[in-house]
Amino acid sequence: MENTVGRDRRVLIAGGGIGGLAAGAALANLGFRVTILEQAEDFKEVGAGVQIAPNGVRALGTLIGDAAHPMLQYMAQGACQALEDVVRLVDEVQAQPDDIPAAFSAYAEGRYRRTARVQFSARQLIEVCQVGGVMAEVRRSYFSQRSDEQKFESLAWLYSDRAGEKFQ
Ligand SMILES: Cc1cc2nc3c(=O)[nH]c(=O)nc-3n(C[C@H](O)[C@H](O)[C@H](O)COP(=O)(O)OP(=O)(O)OC[C@H]3O[C@@H](n4cnc5c(N)ncnc54)[C@H](O)[C@@H]3O)c2cc1C
């Protein structure tokens, strides 16, 4: 059956990265008419991200992916979090299709704690990954004493089903 949540309304997406393309595809599936504007003629590295606070986000509409929460590489979560954003955004739009600004706000409100935790965790891992000397010995000793179960448990908040259906 055709999905009519979007009711042929127009959505403009700036940026054709994984976040923009995934959001475009998901919203098109809901029946929105999606236009994606991509500045780059070809795909290559586009530089550093900028953290934009909630007041800026309100002015912009909504942000997803690296534009909303640029992060260091140590958790390998940039694209994963962009895709989680899209799932949550679509959930919120489906929940209140008559009030898109409210849906965007609910999405931002529902996502910032988890994405911030991933950002902080990636930053903390610098201390683990990039040390030498005594600190490297401490690291080896610490991790060698942890069981596989403990290692998996420490990442359950990120990877397991308990992370929550709505990624919050
Ligand atoms: C080497 C490397 C390895 C990685 N490994 C992993 C991994 O294992 N797992 C993981 O989850 N993530 C990984 N990442 C991170 C992941 O690739 C990024 O977090 C993800 O691609 C971000 O997607 P995005 O759509 O948010 O942003 P981008 O991919 O940056 O897309 C933004 C797009 O917007 C366009 N744009 C910008 N400004 C404008 C404008 N004004 N008008 C129109 N278009 C505009 C840009 O040209 C760009 O195409 C890795 C990244 C790198 C570099």
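Residues numbered from 1 in each chain as written. Predicted model: local features only at pLDDT ≥ 70, side-chain atom pairs only at ≥ 80, totals over all residues.

Undergrad: Give me the lowdown on the site of the ligand, citing residues and values where you can.
TA: Close contacts around the ligand come from 22 residues, with Gly15, Gly17, Gly19, Gly65 and Gly78 the closest. The set of elements that each furnish at least two residues to the shell around the ligand consists of helix 1 (18–29) and helix 3 (78–95). If you tally residues by element for the shell around the ligand, the top one is helix 3, at 4 residues. Taken together, the residues that form the shell around the ligand break down as 10 nonpolar, 10 polar and 2 charged. (Near = placed C-beta within 6 Å. Helix = DSSP H or I, 4+ residues; strand = E, 2+ residues; numbered from the N terminus. Nonpolar A, V, L, I, M, F, W, Y, C, P; charged D, E, K, R; others polar.)

Undergrad: A description of unusual backbone geometry should follow, citing residues and the corresponding values.
TA: Phi at Arg7 is positive, roughly 45°, even though this residue is not glycine. The phi dihedral of Asp8 falls on the positive side, at around 65°, and the residue is not glycine. Within the secondary structure, Asp8 sits in the segment before strand 1 (10–14).

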